[in-house]
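Spelled out from the first residue to the last, the chains are:
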Amino acid sequence: MTRAARGLSITRPEPETQGSGFAQVFDFLRDQLLEGKIRNGDRLLPERELALQLGVSRPIVREALRALSMLGVVEIRERVGTVVRQPDVSVLGDVFAFSLAQVPDAIDDVMQARIALECQAIRLACQRATTADIERIRGALDAIEATVDDAAGGGRADFDFHLALVRASKSDTLIQLYGAMADLLTRSHRDRRKLVEHHHDDAMKRTVVEDHRHLLEMVIAGDEDAADQALRKHFRIGDELRRQKALAPSRPAAALAPARERKSKEATQ
């Protein structure tokens, strides 16, 4: 028997705190989820009963439930009702990407958050990584080495390596937050690999591989401080590559200047 079948306890909000009907329903259901009063697989009360007990119209309840359905929080099933679901983190990632799509310097800001998140994750990975985690990280390292000359494949392999590190932390919150940034981080990895490929920098390619190998070694050794420092050093390489990318547009213009001067001289001769 579900919680809904036993009767979900609902307290009518005070009038002065209700706000809009939509926000009232949305906030109520969110609070119920956070407090653990409704969980994955539970069936909510019918729309009519929710509307009656919350003091709002059925269309408002329906609108709120549809919004939650789009977020993957609930599933509206014909002849069954509304069932609570565990949301797919990719939905959160889409919302995250859209919200930052037009924010200036969004990637730089995300990268700073990533540093804080991954440095804690690798410390936890040093304590908690299992044999399966180590094998997953090693497999991503092999992919990095195999795709060192492939910007697209290498960017994906790079992301997979760092995702495996975060998963090895066994922290659901860190994993969910990292997953929300997945699209932006994958693009960042790919852009950096394109820059390395463009400059034909063999030394940098070797560094990319060896840095990741060193990170794996620190996790296997369980050395939290060394792993943290190695990861921060690795991120500084990324900062330098982003700096080079920012300066790149000015280089073609400078390179074209002598050509323009030659053309100008020929035209006056």
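Note that the coordinates shown come from a computational prediction; the quantities given were computed from them, not determined experimentally. (Residues numbered from 1 in each chain as written. Predicted model: local features only at pLDDT ≥ 70, side-chain atom pairs only at ≥ 80, totals over all residues. Heavy atoms only, no water.)

Strand direction decides the pairing type here: strand S1 (residues 74-77) and strand S2 (residues 81-84), joined by four bridges, are antiparallel. Along S2, the bridge assignment pairs Val-74 with Val-84. Counting the residues that bridge the hairpin from S1 to S2 gives three residues, and of these Arg-79 lies at a positive phi of roughly 70°. (Pairing = 2+ DSSP bridges. Helix = DSSP H or I, 4+ residues; strand = E, 2+ residues; numbered from the N terminus.)

Reported here for the largest pocket is a volume of approximately 350 Å³. Lining the largest pocket are 15 residues, and of these Arg-30, Leu-33, Leu-34, Val-73 and Pro-87 lie nearest its centre. Looking at which element gives the most residues to the lining of the largest pocket, the answer is helix H2 (residues 21-34), with five residues. (1 Å grid on protein atoms, 1.4 Å probe; cavity = no way out; pocket = protein on both sides within 12 Å on 5 of 7 lines; lining within 4 Å. Points joined across faces, edges and corners; volume = space filled by probe spheres on them.)

Inspection of every chain in the model, using the stated rule, returns 18 salt bridges. Across the pair Arg-77 and Glu-75 runs a salt bridge, and its minimum N-O distance is 3.4 Å. Arg-77 sits in the partly exposed class, given a relative accessible area of 38%. The partly exposed category is assigned to Glu-75, whose relative accessible area is 29%. Through salt bridges with shared partners, one network takes in Arg-123, Glu-224, Asp-225, Asp-228 and Arg-232. (Salt bridge = Lys/Arg side-chain N within 4 Å of Asp/Glu carboxyl O. Buried < 20%, exposed > 50% of the residue type's maximum accessible area, 1.4 Å probe, protein only.)

Here we take up the environment of Met-70. Locating Met-70 in the fold gives a position in helix H4 (residues 58-70). With 17 residues separating them along the chain, Met-70 and Pro-87 place their C-alpha atoms 9.7 Å apart.

Ile-122, Ile-137, Phe-161 and Val-219 are the most contacted members of the largest nonpolar core, which totals 25 residues. Among the elements that make up this core, the one with the highest residue count is helix H11 (residues 202-221) (six residues). Formed by 17 residues, the second largest nonpolar core is a distinct cluster that contains Phe-28, Leu-50, Leu-65 and Val-84. (Core = buried A, V, L, I, M, F, W, Y, C linked by side-chain atoms within 4.5 Å.)

What follows covers helix H3 (residues 47-54). Within the span of H3, buried status applies to Glu-47, Leu-50, Ala-51 and Leu-54. Relative to the axis of H3, the buried residues are bounded by an arc of 100° and lie together on one face. Among the exposed residues of H3, those pointing more than 90 degrees away from its buried face are Arg-48 and Leu-52. Where H3 is buried, its residues meet H2 and H4. (Arc of directions from axis to C-beta. Contact = heavy atoms within 4.5 Å.)

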